[in-house]
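Next come the chains, spelled out residue by residue.
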Amino acid sequence: MTKRIAVLLLTISTLLCLASVPSRAQQPAASSQRVPPEKNTLIVYLSRTNNTKAIAEIIHENVGGTLVALELETPYPADYRATVQQVVRENETGYLPPLKTKIEHIDQYDFVFLGFPTWGMELPPPVKSFLHQYNLKEKTVIPFNTNGGYGVGSSFETVKEPCPQSTILQGFTTRGGSEIDGHSLVIKYARAEEASNEVQSWLKTIGTLK
């Protein structure tokens, strides 16, 4: 009798232990998110009206890393229409304007956030210069964009062309200013808060929010 009770208690104890251990299917899956180490993250951007700069700074607040503004050896004219005409010529001829900005030891970065406005529904020539000047092979490239309401145009696709051996993540785009209408910096105050929420949601989607 005592032996039967002992066996019964052992059986119940075993069943309780098994019930307390979740099955493999119930266990949470390992995270597939690519959270970039801060020291391995570069955020480089081109900004004429500071809207793209505002987004770059929001990204930097959330993921850290090194923040770098792209500048040209010979800046574009202050006059909007003169700049438009120059950019049209550069796009037609394939001219890549020389960059004043120099990024040392780019090999140390595994994640490159690349920001730019939409110019003429294309990728701005200075950003093309960056992509041709620096080797982003085997890096994760993450484009982000501001525009005057007409979208990214061909810019995201153009980013992919010189980066065949890079991993390109889903890009981010939001409405910025419209210089032709006299609306330059618009991502400020309440709009900046809204943009910050948009950026955080995007960063979570692509798995790069720290």
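Since the model is a prediction, treat every value here as computed from it, not as a measurement. (Residues numbered from 1 in each chain as written. Predicted model: local features only at pLDDT ≥ 70, side-chain atom pairs only at ≥ 80, totals over all residues. Heavy atoms only, no water.)

Examining helix 3 (residues 80-93)
In this model, helix 3 (14 residues) spans 20 Å end to end at C-alpha, consistent with the 20 Å of a helix rising 1.5 Å per residue. Within helix 3, burial applies to Thr83, Val87 and Glu90. Projection of helix 3 onto a plane perpendicular to its axis shows the buried side chains occupying an angular sector of 60 degrees, all on one side. What points out from helix 3, more than 90 degrees from its buried face, is the exposed set Arg81, Glu92 and Thr93. (Helix = DSSP H or I, 4+ residues; strand = E, 2+ residues; numbered from the N terminus. Expected span 1.5 Å × (residues − 1). Buried < 20%, exposed > 50% of the residue type's maximum accessible area, 1.4 Å probe, protein only. Arc of directions from axis to C-beta.)

Looking at the confidence of the model for the protein chain
Regions with low pLDDT should not have their predicted coordinates read in detail. Here the protein chain shows a mean pLDDT of 87. Residues at 70 or above account for 84%. In the model, residues 1-32 has pLDDT below 50 throughout and makes one contact with residues more than four positions away in sequence or in other chains. (pLDDT = per-residue confidence, 0-100. Contact = heavy atoms within 4.5 Å.)

Let's talk about the packing of helix 2 (residues 51-63) against helix 6 (residues 189-206)
Relative orientation of the contacting elements helix 2 and helix 6 amounts to 55 degrees, with a least axis distance of 10 Å. If you check the angle between helix 2 and helix 6, you find them oblique. For helix 2 against helix 6, the interelement crossing comes out right-handed. Facing helix 2, whose interface residues are Ile55, Ile58, Ile59, Asn62 and Val63, helix 6 presents Ala192, Ala195, Ser196, Val199, Gln200, Trp202 and Leu203. Of the residues assigned to the contact of helix 2 with helix 6, the class counts are nine nonpolar, three polar and no charged. (Axes fitted to C-alpha atoms, helices over the stretch in contact; angles between N-to-C directions. Parallel < 35°, antiparallel > 145°, perpendicular 65-115°, else oblique. Left-handed = near helix turned anticlockwise from the far one by under 90°. Nonpolar A, V, L, I, M, F, W, Y, C, P; charged D, E, K, R; others polar.)

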